[in-house]
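Listed below are the residues making up each chain.
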Amino acid sequence: MPGLLRGVARTAVVAGTATAVSNRVSRRQAGRWAQQEPAYAEPAAPPPAAPAPPPAAPEDDMSARIAQLKELGELKTQGVLSEAEFETQKARILSS
C-alpha cells in the first residue's frame, strides 16, 4: 500500500507542477500578444478630412481665402489630402 500511495502522490505533484507551468506560460504569451497589435484587427479608419476653417471677417475675406488655399496646398504636398479632397476643399473656399 505505501508504494501505491507514493506513486499517487508523485503523480499528483508532477501533474500540479505541469499545470502551474502551463498556466504561467499561457499568461506570459497572452501578455506578449496583448502588447503587439493583432494581425486580425480591423484596419484603422482613414484620417478625417481637414476641418473647415472658421469663417473670416468680411474685410479680411480675400487674405483669409489665400491663407486657406496655401494651407490646403501644404496639406496636399505633405500627402494628408488626396487630389480629390484638395479640389473639393479648394472649390468650397473659392465659392464662399
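Above: the structure in question.
Residues numbered from 1 in each chain as written. Predicted model: local features only at pLDDT ≥ 70, side-chain atom pairs only at ≥ 80, totals over all residues. Heavy atoms only, no water.

The next point concerns the nonpolar core. Of all hydrophobic cores here, the largest spans five residues; its members are Leu72, Leu75, Leu81, Phe86 and Ile93. Only helix H2 (61–78) and helix H3 (83–95) provide two or more residues apiece to this core. The residues touching Ile93, leaving out its near neighbours within four places in the chain, are Arg65, Gln68, Leu69 and Leu72. (Core = buried A, V, L, I, M, F, W, Y, C linked by side-chain atoms within 4.5 Å. Buried < 20%, exposed > 50% of the residue type's maximum accessible area, 1.4 Å probe, protein only. Helix = DSSP H or I, 4+ residues; strand = E, 2+ residues; numbered from the N terminus. Contact = heavy atoms within 4.5 Å.)

What follows concerns the environment of Thr77. Mapped onto the elements, Thr77 comes out in helix H2. A relative accessible area of 71% means that Thr77 is categorised as exposed. A polar side-chain atom of Thr77 sits 2.8 Å from the main-chain carbonyl oxygen of Gly73. (Polar contact = N/O pair within 3.5 Å; in protein donor to acceptor, adjacent residues only side chain to side chain.)

On the surface, a cluster of positive charge is made up of Arg24, Arg27, Arg28 and Arg32. Secondary-structure assignment places Arg32 in helix H1 (residues 2–35). (Patch = residues over 30% accessible without salt bridge, like charges linked within 9 Å, V, L, I, M, F, W, Y side chains within 5 Å. Areas by Shrake-Rupley, 256 points an atom, 1.4 Å probe, with all protein chains shown as cover. Salt bridge = Lys/Arg side-chain N within 4 Å of Asp/Glu carboxyl O. Lys, Arg positive; Asp, Glu negative; His and termini not counted. Charge placed at Lys NZ, Arg CZ, Asp CG, Glu CD.)

With 13 residues, H3 ought to run about 18 Å at 1.5 Å a step, and its terminal C-alpha atoms sit 18 Å apart, in line with that. All buried positions along H3 are accounted for by Phe86, Gln89 and Ile93. The arc enclosing the buried residues of H3, seen along the axis, measures out at 75°, which places them on a common side. Summarising the geometry of H3, the exposed residues directed more than 90 degrees from the buried face are Ala84, Thr88 and Ser95. Where H3 is buried, its residues touch H2. (Expected span 1.5 Å × (residues − 1). Arc of directions from axis to C-beta.)

Relative orientation of the contacting elements H2 and H3 amounts to 180°, with a least axis distance of 10 Å. For the element pair H2 / H3, the angle class is roughly antiparallel. Across the interface between the two elements, Arg65, Gln68, Leu69, Leu72, Gly73 and Lys76 of H2 pack against Glu83, Phe86, Gln89, Lys90, Ile93 and Leu94 of H3. Counted by class, the contact of H2 with H3 contains five nonpolar, three polar and four charged residues. (Axes fitted to C-alpha atoms, helices over the stretch in contact; angles between N-to-C directions. Parallel < 35°, antiparallel > 145°, perpendicular 65-115°, else oblique. Nonpolar A, V, L, I, M, F, W, Y, C, P; charged D, E, K, R; others polar.)

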